[in-house]
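An overview of the molecular structure
Read off the chains here:
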Amino acid sequence: MSSGVVRLQDLIIPEIFDPYVLNMTREKSRLIQSGALVLDGNLSAKLSGGGRTFNDPFYNDLDDDEENISNDDPTVKSTPNGISTGQEVQIRLSRNNSWGSMDLTRNMVGNDPLAFIGARVAAYWTRRLQAAFIATINGIYAMDSAAPVANSTHTAGDMVHDVSGSKFQSGLTNFTAEAFIDACNTMGDDMDSLSMIMVHSVVYARMLKNNLIDFVTDSNNAMAERVPTFLGRTVIVDDGVPNSGGVFQNWLFRGGSVIHAAGTPKVPTEFHRDPSSGNGSGEEQLFNREEWALHPVGHAFVGNPTSPGGPS
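Notes on the structure follow. Computed from a predicted structure; not experimentally measured. Position labels on residues start from 1 in each chain and follow its written sequence. Local features in this predicted model are restricted to residues whose pLDDT is 70 or higher, and side-chain atom pairs enter the listing and the counts only when it is 80 or higher, whereas totals over whole chains, interfaces and linings include all residues. Excluding hydrogens and water, the side-chain figures rest on all heavy atoms present in the structure.

**Overview of the nonpolar core**
One finds L37, F133, M198 and L294 to be the most contacted residues of the largest nonpolar core, which totals 31 residues. Those elements that place two or more of their residues in this core are α2 (14-28), α3 (30-34), α6 (113-145), β5 (194-199), β11 (251-254), β12 (258-263) and β14 (283-296). It is α6 that contributes the most residues to this core, 11 residues altogether. By definition in these notes, contact holds between two residues if any of their heavy atoms fall within 4.5 Å. When neighbours within four sequence positions are excluded, M198 is seen to be in contact with L31, Q130, F133, I134, I236, D238, V241, Q249, N250, W251 and F253. We define the nonpolar core as a collection of buried residues of types Ala, Val, Leu, Ile, Met, Phe, Trp, Tyr and Cys that are connected through side-chain atoms lying within 4.5 Å of one another. Type-normalised accessible area, obtained with a 1.4 Å probe on protein chains alone, sets the label of each residue: buried when under 20%, exposed when over 50%, and partly exposed for intermediate values. Judged by nonpolar contacts, the second largest core, of 14 residues, contains V199, V203, Y204 and I213. Starting at the N terminus, helices and strands are each numbered in turn, a helix being any DSSP run of H or I of at least four residues and a strand any DSSP run of E of at least two.

**Notes on the pattern of salt bridges**
Any carboxyl oxygen of Asp or Glu that lies within 4 Å of a side-chain nitrogen of Lys or Arg is treated as forming a salt bridge with it. In total, this model carries 4 salt bridges according to the counting rule given. Notably, a salt bridge pairs R289 with E270, separated by 2.7 Å at the nearest N-O pair. With R289 in strand β14 and E270 in strand β13 (residues 269-274), this residue pair connects regions lying 19 residues apart in the sequence. Exposure remark for E270: the relative accessible area of 31% places this residue in the partly exposed category.

Geometry only, nothing functional implied.
Next up, the structure:
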């Protein structure tokens, strides 16, 4: 006979809830929708297996050596050039969180429980995925600003255009179209491949005030969302973009700069009932887990993470 008590685990079916959260996270992620973060089948396959890190060898592009000049002397032989290889190293990110409430079930009565909880859990993981993305890109720019280490091929500061000096000065170091173009030019003749810019909301507000933003309709969005653009580049706004002393970083990307995979934990969702909580009134807890990999293309993770779940 039913006790008449509706519990959280009675309302949520993990087989439905888990893909719901995954799909909602992808749908709501501005990074994924913009193309800055691209789901990668090869990385997903690796994530479904074992290991903390994954090695992915690749071929470098051909060197721009001068071509041979043909002649009719059979004794003159050409010397074939070689092709070099490299290795990207990707890392697993195992994440989880839990939520408990004495009143959650009662608050949900009369509403769609899957939408109520799923929308919030998905929104939470969307924000955390974006935070992991920001931490990753912040590390890339920190590496670029540092002196090259052994086996590194980068030139210090070649990916950065700094107009701030040491501090912000109004009217001198504000965001401008000129500074933006100079930053794009760090890519040389490949500058047009940069298709998006990520900025802090303070910088975005400056762009709006200066009438630098154009809005286009996202044809893939059934709600006809208006997407902000600047000189043809999609603008992504996130207050996690680093800033210090009034100096804000602005990040430029090309599509697919970072690849992403979402794996399946052994138990993605489960529940726990603690009858002793609330002096015996009881508490319900929801646990949700994620397996991710975020990898900036062309780079390799170095070092040993202190946690089996990956770096923080």
